[in-house]
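This is what each chain is made of:
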Amino acid sequence: MSDATTQREAFHAFLPIQTRWADMDAYGHVNNMVFYSYIDTAVTELLVREGGHDKDRASAIGLVVESGCKYFKPVAFPAVIDCGVRVAKLGRSSVRYEVGMFDGDDVAPAALGFFVHVFVDRSTMRPTDIPPNIRAALEPLLVMEPVA
(Lines give C-alpha, C1' and ligand atoms only; values in the text may rest on other atoms or scores of the structure.)
Protein backbone atom coordinates (compact mmCIF):
# COMPACT_ATOMS: atom_id res chain seq x y z
CA MET A 1 0.00 0.00 0.00
CA SER A 2 1.50 3.25 -1.08
CA ASP A 3 -0.05 6.38 -2.46
CA ALA A 4 0.68 10.10 -2.37
CA THR A 5 -0.64 10.46 1.19
CA THR A 6 1.86 7.92 2.51
CA GLN A 7 4.93 8.95 0.51
CA ARG A 8 7.88 10.61 2.22
CA GLU A 9 7.03 14.08 0.83
CA ALA A 10 3.68 14.02 2.68
CA PHE A 11 5.50 14.16 6.04
CA HIS A 12 7.48 16.83 7.88
CA ALA A 13 9.69 17.21 10.96
CA PHE A 14 11.88 14.16 10.33
CA LEU A 15 13.79 12.42 13.10
CA PRO A 16 16.21 9.56 12.35
CA ILE A 17 16.11 6.70 14.84
CA GLN A 18 18.82 4.06 14.88
CA THR A 19 17.44 0.55 15.32
CA ARG A 20 19.01 -1.55 18.03
CA TRP A 21 19.82 -5.24 18.09
CA ALA A 22 17.32 -5.54 20.97
CA ASP A 23 14.54 -4.21 18.68
CA MET A 24 14.62 -7.46 16.69
CA ASP A 25 12.20 -10.32 17.24
CA ALA A 26 12.50 -14.07 16.68
CA TYR A 27 11.59 -13.60 13.00
CA GLY A 28 14.65 -11.43 12.31
CA HIS A 29 13.00 -8.02 11.97
CA VAL A 30 12.07 -5.09 14.17
CA ASN A 31 9.18 -6.18 16.39
CA ASN A 32 5.83 -4.55 15.67
CA MET A 33 5.57 -3.08 19.17
CA VAL A 34 8.91 -1.31 18.80
CA PHE A 35 7.40 0.84 16.07
CA TYR A 36 5.12 2.35 18.73
CA SER A 37 8.20 3.51 20.63
CA TYR A 38 9.49 5.12 17.41
CA ILE A 39 6.18 6.98 17.04
CA ASP A 40 6.29 8.16 20.65
CA THR A 41 9.93 9.23 20.35
CA ALA A 42 9.35 11.21 17.14
CA VAL A 43 6.31 13.06 18.52
CA THR A 44 7.88 13.74 21.91
CA GLU A 45 11.07 15.02 20.29
CA LEU A 46 8.95 17.37 18.17
CA LEU A 47 7.05 18.70 21.20
CA VAL A 48 10.25 19.28 23.15
CA ARG A 49 12.40 20.66 20.30
CA GLU A 50 9.85 22.74 18.41
CA GLY A 51 7.19 23.36 21.07
CA GLY A 52 9.43 23.88 24.08
CA HIS A 53 7.48 21.28 26.08
CA ASP A 54 8.87 20.70 29.57
CA LYS A 55 7.47 17.37 30.73
CA ASP A 56 8.39 18.06 34.36
CA ARG A 57 7.01 21.59 34.68
CA ALA A 58 4.28 22.02 32.06
CA SER A 59 0.81 22.67 33.48
CA ALA A 60 -0.74 20.84 30.51
CA ILE A 61 0.39 17.37 29.45
CA GLY A 62 -0.61 15.22 26.48
CA LEU A 63 -2.12 11.81 27.22
CA VAL A 64 -2.35 9.20 24.47
CA VAL A 65 -6.00 8.13 24.10
CA GLU A 66 -5.79 6.21 20.82
CA SER A 67 -3.06 4.69 18.68
CA GLY A 68 -2.53 2.40 15.73
CA CYS A 69 0.01 1.25 13.19
CA LYS A 70 0.01 -0.39 9.75
CA TYR A 71 3.06 -2.34 8.62
CA PHE A 72 4.11 -2.56 4.99
CA LYS A 73 7.59 -4.10 4.97
CA PRO A 74 9.96 -5.62 7.50
CA VAL A 75 12.93 -3.65 8.79
CA ALA A 76 16.03 -5.21 10.34
CA PHE A 77 18.98 -4.01 12.41
CA PRO A 78 21.12 -1.97 11.67
CA ALA A 79 18.62 0.16 9.75
CA VAL A 80 17.98 3.81 10.48
CA ILE A 81 14.27 4.59 10.59
CA ASP A 82 13.50 8.09 9.33
CA CYS A 83 10.31 9.15 11.15
CA GLY A 84 8.31 11.95 9.54
CA VAL A 85 5.54 13.58 11.57
CA ARG A 86 2.44 15.36 10.33
CA VAL A 87 -0.71 16.57 12.06
CA ALA A 88 -3.97 15.19 10.66
CA LYS A 89 -6.32 16.93 13.09
CA LEU A 90 -5.77 19.81 15.48
CA GLY A 91 -8.60 20.52 17.87
CA ARG A 92 -8.98 22.66 20.99
CA SER A 93 -7.52 20.07 23.37
CA SER A 94 -6.60 17.16 21.09
CA VAL A 95 -4.27 16.42 18.22
CA ARG A 96 -3.89 13.45 15.89
CA TYR A 97 -0.31 12.84 14.81
CA GLU A 98 0.60 10.57 11.92
CA VAL A 99 4.11 9.22 11.64
CA GLY A 100 5.57 7.73 8.48
CA MET A 101 8.47 5.42 9.29
CA PHE A 102 10.84 5.06 6.37
CA ASP A 103 13.71 2.59 6.07
CA GLY A 104 16.61 4.88 5.29
CA ASP A 105 15.90 6.96 2.18
CA ASP A 106 12.94 4.88 0.96
CA VAL A 107 10.07 6.89 -0.54
CA ALA A 108 7.35 4.49 0.65
CA PRO A 109 6.97 3.84 4.39
CA ALA A 110 7.86 0.62 6.14
CA ALA A 111 5.09 1.50 8.61
CA LEU A 112 2.50 4.22 9.14
CA GLY A 113 1.39 4.94 12.67
CA PHE A 114 -0.73 7.43 14.52
CA PHE A 115 -1.70 8.48 17.95
CA VAL A 116 -4.04 11.00 19.49
CA HIS A 117 -3.04 13.21 22.39
CA VAL A 118 -5.62 14.88 24.60
CA PHE A 119 -4.04 17.68 26.58
CA VAL A 120 -5.08 17.75 30.21
CA ASP A 121 -4.38 19.99 33.15
CA ARG A 122 -1.67 18.22 35.14
CA SER A 123 -3.35 18.86 38.50
CA THR A 124 -7.00 18.10 37.60
CA MET A 125 -6.42 15.64 34.73
CA ARG A 126 -9.30 17.36 32.90
CA PRO A 127 -9.05 18.37 29.22
CA THR A 128 -7.56 21.78 28.62
CA ASP A 129 -6.52 23.92 25.66
CA ILE A 130 -3.38 22.86 23.81
CA PRO A 131 -0.70 25.25 25.12
CA PRO A 132 0.05 28.11 22.69
CA ASN A 133 3.72 27.10 22.25
CA ILE A 134 2.70 23.54 21.35
CA ARG A 135 -0.08 24.74 19.01
CA ALA A 136 2.40 27.05 17.25
CA ALA A 137 4.73 24.09 16.67
CA LEU A 138 1.92 21.86 15.37
CA GLU A 139 0.06 24.24 13.04
CA PRO A 140 2.75 24.18 10.30
CA LEU A 141 2.49 20.36 10.24
CA LEU A 142 -1.28 20.31 9.73
CA VAL A 143 -2.24 18.67 6.45
CA MET A 144 -5.37 19.89 4.74
CA GLU A 145 -5.88 17.06 2.27
CA PRO A 146 -7.34 13.68 3.25
CA VAL A 147 -4.82 11.51 5.06
CA ALA A 148 -4.22 7.79 5.38
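Scroll up to find the structure.
Residues numbered from 1 in each chain as written. Predicted model: local features only at pLDDT ≥ 70, side-chain atom pairs only at ≥ 80, totals over all residues. Heavy atoms only, no water.

Notes on the pattern of salt bridges
Evaluated as defined, the whole model comprises 11 salt bridges. Note that Arg20 and Asp23 form a salt bridge whose closest N and O atoms lie 2.7 Å from each other. A salt bridge links Glu50 to Arg49; its shortest N-O distance comes to 3.1 Å. Arg49 gets classed as partly exposed once you look at its relative accessible area, which sits at 38%. (Salt bridge = Lys/Arg side-chain N within 4 Å of Asp/Glu carboxyl O. Buried < 20%, exposed > 50% of the residue type's maximum accessible area, 1.4 Å probe, protein only.)

Some remarks on the packing of aromatic side chains
Applying the stated rule across the entire model yields 6 aromatic pairs. For the pair Tyr97 and Phe115, a centre-to-centre distance of 5.5 Å together with 75° between the ring planes defines the contact as edge-to-face. Note that Tyr97 is positioned in strand S4 (residues 94–103) and Phe115 in strand S5 (residues 111–121), a separation of 18 residues in sequence. Exposure class is identical for Tyr97 and Phe115. Each is buried. Put simply, the rings of Phe11, Phe14 and Phe102 touch in pairs and so form one group of aromatic residues. Positioned above the aromatic ring of Phe102, the side-chain terminus of Arg8 is 4.8 Å from the ring centre. For the cation-ring pair, Arg96 lies above Phe114, with the distance from its terminal atom to the ring centre recorded as 3.9 Å. (Phe/Tyr/Trp six-rings, centres within 6.5 Å; stacked < 30°, edge-to-face > 60°. Helix = DSSP H or I, 4+ residues; strand = E, 2+ residues; numbered from the N terminus. Lys NZ or Arg CZ within 6 Å of the ring centre and 35° of its normal.)

Shape descriptors only; they carry no functional weight alone.
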